[in-house]
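These are the residues of each chain, in order.
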Amino acid sequence: MKIEVNEIELNFDDQGEGIPLILLHGFPFDRNLWYDQVQALNDHCRVITPDLRGFGESKAPESPVSMSQYAADIITLMDLLKIEQAIVGGLSMGGYIALAIAEQYPERLLGLILSNTKATKDTAAQRQNRYNTSEKTNYDGTEFLVKDLLEKVLCEATLSEKPDVVEYTQQMMRRQSGEAVRSALAGMAERKDREFILSEIEVPVLVIAGKKDTLIPVFDSKMMVREMPHAHLEIIEDSGHLSNLEQPELYNKILLRFIQPFDS
Ligand code: MLT
């Protein structure tokens, strides 16, 4: 489905009925990251999965996109769909955006899911690395990034034992345009630290970490949980950064357990 949001056309899927659950994908992916979750959960709640500005089928002019801008797009989408409050979940960059929503629009949240993500900003070295990567995509395209990221987002067991997941992940990354990649890299590089808002989050929070996630290690999830008054941590054993793709059955069970109390 396509809808005009803050002067761009935002594409999203909207399936099921009941409590709204909005799932925000990571970088450099699109709404298809959540395919398994939509199939498993749309009998239990209303699952909305947008392609973030520039990604998937949501096109946008190239310019740095801040986490606040992505967050504003989601809030406008909620307004247009007449959804006052939702459970908002995000994986990695999607989690950075979910935290921006928690900071700027706390009244729109029923609950929060922070998956394979962190609240801290980039170090100077990480920031520089993003700008170098961005620059390189201008003349080399994005294939080098796909190759580089594949081994970082999936754990060794997934890489060797689940060729369908490897292929799915690779294809999803290949579909993203250089414009989307550069816009998000700049937005992530300049994102602010949101550690300071954690203690103020009043809604229930589910934090999910992959035990073998080397991009955002379990340590970052534990740190967030310590700061938040109503947070619960789930660590998925045989998973790297893309826990929802690598261990979908377990991941879906964890989401369902979190969502069900909102429905009573
Ligand atoms: C993601 O999966 O969204 C990225 O790994 C986030 C990041 O690069 O910080």
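Everything below is about the structure shown above.
Description of the structure in this document.

Cut-offs applied
- Residues numbered from 1 in each chain as written.
- Predicted model: local features only at pLDDT ≥ 70, side-chain atom pairs only at ≥ 80, totals over all residues.
- Heavy atoms only, no water.
- Phe/Tyr/Trp six-rings, centres within 6.5 Å; stacked < 30°, edge-to-face > 60°.
- Helix = DSSP H or I, 4+ residues; strand = E, 2+ residues; numbered from the N terminus.
- Buried < 20%, exposed > 50% of the residue type's maximum accessible area, 1.4 Å probe, protein only.
- Lys NZ or Arg CZ within 6 Å of the ring centre and 35° of its normal.
- Right-handed = clockwise from strand over helix to strand, strands pointing away.
- Core = buried A, V, L, I, M, F, W, Y, C linked by side-chain atoms within 4.5 Å.
- Contact = heavy atoms within 4.5 Å.
- Near = heavy atom within 4 Å.
- Polar contact = N/O pair within 3.5 Å; in protein donor to acceptor, adjacent residues only side chain to side chain.
- Areas by Shrake-Rupley, 256 points an atom, 1.4 Å probe, with all protein chains shown as cover.
- Nonpolar A, V, L, I, M, F, W, Y, C, P; charged D, E, K, R; others polar.
- Expected span 1.5 Å × (residues − 1).
- Pairing = 2+ DSSP bridges.

**Topic: the packing of aromatic side chains**
- By the definition in use, this model includes 3 aromatic pairs.
- Ring plane angle 85 degrees and centroid distance 6.4 Å describe the contact between Phe27 and Phe55, whose orientation is recorded as edge-to-face. Of this pair, Phe27 sits in the loop between β3 (20-24) and α1 (35-41) while Phe55 sits in the loop between β4 (46-50) and α2 (67-80), and the two are 28 residues apart along the sequence.
- Ring centres of Trp34 and Tyr251 lie 6.5 Å apart, and the angle between their planes is 40 degrees; on these two criteria the pair is classed as tilted. Residue Trp34 is located in the loop between β3 and α1, and its partner Tyr251 is located in helix α11 (residues 248-259); the two are separated by 217 residues in the primary sequence. Comparing Trp34 with Tyr251 shows no difference in burial state: the two are buried.
- Just above the ring of Phe144 sits the side chain of Lys136; from NZ or CZ to the centre is 4.6 Å.
- One cation-aromatic arrangement involves Arg191 over Tyr96; the distance from NZ or CZ to the ring centre is 3.9 Å.

**A short note on the pairing of β3**
- Among the 5 residues of β3, 5 are classified as buried, and the element is accordingly described as predominantly covered.
- Of the two faces of β3, both are covered, the one formed by Pro20, Ile22 and Leu24 as well as the one formed by Leu21 and Leu23.
- Between the parallel pair β3 and β4, the chain is carried across by α1, and the sense of this crossover is right-handed.

**Quick notes on the nonpolar core**
- Core analysis: the largest hydrophobic core is formed by 85 residues, its most contacted members being Phe27, Met93 and Ile201.
- If we skip the residues at most four places from it in the chain, Ile201 touches Leu99, Ala102, Leu112, Met228, Pro229 and His230.

**Here we look at the site of the ligand**
- Around the ligand, the neighbouring residues are Gly26, Phe27, Ser92, Met93, Tyr96, Arg130, Met188, Leu215 and His241.
- Measuring from an oxygen atom of the ligand, one finds a backbone N or O atom of Phe27 at 2.7 Å.
- Protein contact buries 90% of the 270 Å² of open area that the ligand shows by itself.
- A breakdown of the residues in the shell around the ligand according to their chemical character gives 5 nonpolar, 3 polar and 1 charged.

**Description of α2**
- Between the first and last C-alpha of α2 there are 20 Å, a value that for 14 residues agrees with the 20 Å anticipated at 1.5 Å per step.
- Taken as a whole, α2 has its buried residues at Met67, Tyr70, Ala71, Ala72, Asp73, Ile74, Ile75, Leu77 and Met78.

**Considerations on the pairing of β4**
- Counting buried residues along β4, 5 of its 5 residues qualify, which places the element largely inside the surrounding structure.
- Taking every second residue as pointing to the same face, both faces of β4 are buried, with Arg46, Ile48 and Pro50 on one and Val47 and Thr49 on the other.
- Of the strand pairs in this sheet, strand β2 (residues 8-15) and β4 are connected by 4 bridges, and their pairing is antiparallel. Across the sheet, Gln15 pairs through a bridge with Val47, a residue of β4.
- Examined bridge by bridge, β3 and β4 share 3 bridges and lie parallel to one another. Among the inter-strand pairings, Pro20 is bridged to a residue of β4, identified as Arg46.

Everything listed is a geometric property; what it means functionally is a separate question.
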